[in-house]
Amino acid sequence: MGNEQPSNPQDDYKAKETKPQLGERWPHGGFRGGGGWISSDRVISTYDLVEQMHFLYVRVVKARDLPPNPVTGSCDPYVEVKLGNYKGKTKHFDKKVNPEWKQVFAFSKEKIQSSIIEVFVRDKEMVQRDDYLGKVVFDMNEVPTRVPPDSPLAPQWYRLADRRGESKVRGEVMLAVWMGTQADEAFSEAWHADAALVHGEGVHSVRSKVYVSPKLWYLRVNIIEAQDVESMDKTQPPQVFVKAQVGKQVLKTILCQTRTTNPFWNEDLLFVAAEPFEEQLVLTVECKAGPSKDEIAGRLVLPLNTFEKRLDHRAVHSRWFNLERFGFGVLEGDRRHELKFSTRIHLRSCLEGGYHVLDESTMYISDQRPTARQLWKKPVGILEVGILTAQGLVPMKPKDGRKTTDAYCVAKYGLKWVRTRTILDSLSPKWNEQYTWEVYDPCTVITLGVFDNGHLGGNDNSAPGKDSRIGKVRIRLSTLETDRIYTMSYPLLVLQPSGVKKMGDLQLAFRFTCLSLANIIYLYGHPLLPKMHYLHPFTVNQVDSLRYQAMNIVAVRLGRAEPPLHKEVVEYMLDVDSHMWSMRRSKANFFRIVSLFSGVISMSKWLVDVCKWKNPITTILVHLLFCILICYPELILPTMFLYMFLIGIWNYRSRLRQPPHMDTKLSWAEAVISDELDEEFDTFPTSKPENTVKMRYDRLRSVAGRIQTVIGDMATQGERFQALLSWRDPRATSLFIVFCLIAAVILYVTPFKIIALVAALVYLRHPRFRSKMPSPPCNFFRRLPARADSML
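Treat the numbers as computed from the prediction; the structure is a model and nothing was measured.

The rules behind the values
- Residues numbered from 1 in each chain as written.
- Predicted model: local features only at pLDDT ≥ 70, side-chain atom pairs only at ≥ 80, totals over all residues.
- Heavy atoms only, no water.
- Disulfide = S-S within 2.5 Å.
- Pairing = 2+ DSSP bridges.
- Helix = DSSP H or I, 4+ residues; strand = E, 2+ residues; numbered from the N terminus.
- Buried < 20%, exposed > 50% of the residue type's maximum accessible area, 1.4 Å probe, protein only.
- UniProt positions renumbered as here; feature names shortened; annotations may be inferred.
- 1 Å grid on protein atoms, 1.4 Å probe; cavity = no way out; pocket = protein on both sides within 12 Å on 5 of 7 lines; lining within 4 Å.
- Points joined across faces, edges and corners; volume = space filled by probe spheres on them.
- Axes fitted to C-alpha atoms, helices over the stretch in contact; angles between N-to-C directions.

**So, the state of the cysteines**
For the structure shown, the criterion picks out 0 disulfides. Not engaged in a disulfide, the cysteine Cys-514 finds its nearest cysteine sulfur in Cys-443; these two sulfurs lie 13 Å apart.

This is the structure in structure tokens:
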């Protein structure tokens, strides 16, 4: 499916509705509680958005009284669970006859080809073959079924049997064997037979996990002033600035323009910090010693947890700090690091809890809550997502002389990230995992990405690589109907240097449940971000810089989890490169603007047709409507709102039944030329040769010139309006104010109905009474001066 070329690529790039069999179904056609293997009072399933998958679970708890090796006198036991061709092993213990493993093995029911389960206990040998200590055999037909929320199946002691199973031998092993689904608590931590070929650290990266983004704060450091700053050059006062560093974030104040020992700045420096606070604020007061030389006059180190946490815009108390002085002069010796009452710095610092720390674009924001938990409101809904399957994935890497894909899916909403288990060596993986998020604002977006696991080893490359991106899906919650289950198949589209490419399809089931309709309606009248963003907003440059720092911090912290969520995954999910220049994106945004005016253009064309009497019946009806509105002006506003109401009702028939998806036509991903794609995927700074950069720079100048012309034309029209009364053109202003006086008198003595009726009749007059020349008002307006003639 993924390699075949569809007859119409546009249809293949669209999201499609699917009809999977969701909910828990048990063998023999029974539903939960409906005459299958079991019957339960609990009919409603918590896993109703995924297809049910059956697993055979084997829990190996511990063993006791194992026989020691007669030669070495010790026992290094481990357990091997065998089901047909699948084998799973626990770790072994050195010299322990009563080991505890507490490990669970899971075997997919679809791949079970044996009627018995064998559990072997062996003694690991370094040189020769491992010794056989005993085994326990279970019949598949006798395995009980367990359904949450039933309590876990109690493990039991089983006597070990010999190789033939005819007699018992020394030793016992505690086991529990049951049939369950992915809803079982043991599912996420189990060793899956599908991952039998993964060893070492790679075992951890194939399991499903839930991650939580670190709690991010904005650190505001207001550097007010310093006192008694000394420099090595005693002949003149120093020219001073302050450099502040938090982790890898470095900011500087402006250079104090006056040379003084008591410089003054009153400048805010903003950083992003994450709990737990591991970094420190390092301040250095530096003097300008030359064009490219600075000397340190003092240093201050402050732990971040000492700063006050502010929830609103109340004033924060300032404090003076003594700096650790860097000695000037050789004679001071080891005394130069002593704390002296010399240079001091005046600071006002706090951790801002009233802001939402942006680590993703506001266009695709998934969370808008402020940092301080006490400012959070109650959730307004619940989002449930079932990550079902992927179909027709493109092979991503070589393995054993062929190409394959080890796919997993990541979903990010709010502070919660989820990662499904990795399905090895499959182009049509089945995950069927369900996750839930609390929703605090419906005007948010959940992002799901599919990746190829490059950290398993065993591929043809010697070292593990990066996790390759397969595709991404975004779903805006406000486009969903409440309490409706959507089952959709989304194409995974990736823009590559060769063009847009479909990498497969991702099948999802999701539902947005409303907890409080009143709260949702209330939210629609309030700002998206917390009020601190509007009371004390950041500059555009600060927002971009802080978002970049926040993304780096999130990527580092999630990369330290076990298993790690790697940097390339986090950056792709957070759209780290969305701000980079792209000719394709610029074209797409330009045509988005053009399409916005399509309705106005269509309306103006319709009015022109009415004025030209192309359809006399329509023109006569417009005359009648206008006469009615003139005679009864109180009907004008009600008619406008009634008209909009009728349009909304009419458009209800053609409403979208599925949430929108990536549009390759809207993105201009199909019409883009190869050189523009090469430019978009270029590194920053560029790695291209000089001629290519020169050509692209000239093209960029051409595009920017056209944008500049459009913006200049818009500015010119506005300045012409200003020139009507500014006396830049004395004759034009004289004519206009005389016209205004005459118009005021006429409008005063003439009823408004008559004025409006005459104006409408003139506008709607027959073409034989029209001239192809521009009207006098248009000619007058175009002759007005603008400030463009004053530009260099």
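**Quick notes on the pairing of strand 16 (residues 249–252)**
Taken together, the 4 bridges between strand 15 (residues 240–246) and strand 16 define a ladder with antiparallel strand orientation. Its bridge partner lying in strand 16, Ala-244 is registered against Leu-251. A loop of 2 residues connects strand 15 with strand 16, the two strands running antiparallel in sequence, and Gly-247 in this loop sits at a positive phi of about 65 degrees.

**Observations concerning unusual backbone geometry**
Backbone torsion omega between Glu-275 and Pro-276 reads -10 degrees, so that peptide bond is classified as cis. Residue position: Pro-276 is located in the loop between strand 17 (264–274) and strand 18 (280–290). The amide bond that connects Glu-562 to the next residue, Pro-563, takes the cis arrangement and shows omega of 0 degrees. One non-glycine residue, Trp-727, adopts positive backbone phi at about 65 degrees. Structurally, the position occupied by Trp-727 is in the loop between helix 11 (690–726) and helix 12 (730–749). According to the relative accessible area criterion, Trp-727 is partly exposed, its value standing at 45%.

**Concerning the UniProt feature "transmembrane region" (unreviewed entry) in the protein**
The sites that carry the UniProt feature "transmembrane region" (unreviewed entry) are, in the present numbering, residues 508–525, 590–608, 620–652 and 735–764. Annotated as 90% helix and 0% strand, the span residues 735–764 places its first and last C-alpha atoms 27 Å apart.

**Overview of the sheet that holds strand 31 (residues 485–496)**
Taken together, the 5 strands give an open sheet; going across it, the order is 1-31-32-23-28, and neighbouring strands pair in antiparallel fashion. The sheet is open, and its two borders are formed by strand 1 (16–17) and strand 28 (430–439), each paired with just one other strand. Bridging between strand 31 and strand 32 (residues 499–514) involves 11 bridges; their strand directions are antiparallel. Opposite Gln-496, over in strand 32, you have Gly-499 as the bridge partner.

**With respect to the layout of surface pockets**
What the second largest pocket holds in volume is close to 730 Å³. Met-603, Trp-606, Leu-625, Phe-626 and Leu-629 are, among the 20 residues lining the second largest pocket, the residues nearest its centre. The set of elements that each furnish at least two residues to the lining of the second largest pocket consists of helix 7 (598–611), helix 8 (616–631), helix 9 (636–651) and helix 13 (752–763). A total of 7 residues in the lining of the second largest pocket trace back to one element, the largest contributor, which is helix 9.

**Brief notes about the sheet that holds strand 26 (residues 407–413)**
The strand order across the open sheet built from 5 strands is 13-27-26-29-30, with neighbouring strands paired in antiparallel fashion. Because the sheet does not close on itself, it has two edges, and the strands there are strand 13 (209–212) and strand 30 (468–476). Neighbouring strand axes in the sheet, compared pairwise and without regard to direction, differ in orientation by 20 degrees on average. For strand 26 and strand 29 (residues 445–452), the ladder comprises 6 bridges, and the chain directions are antiparallel. Residue pairing across strands places Ala-411 opposite Leu-448, the latter belonging to strand 29.

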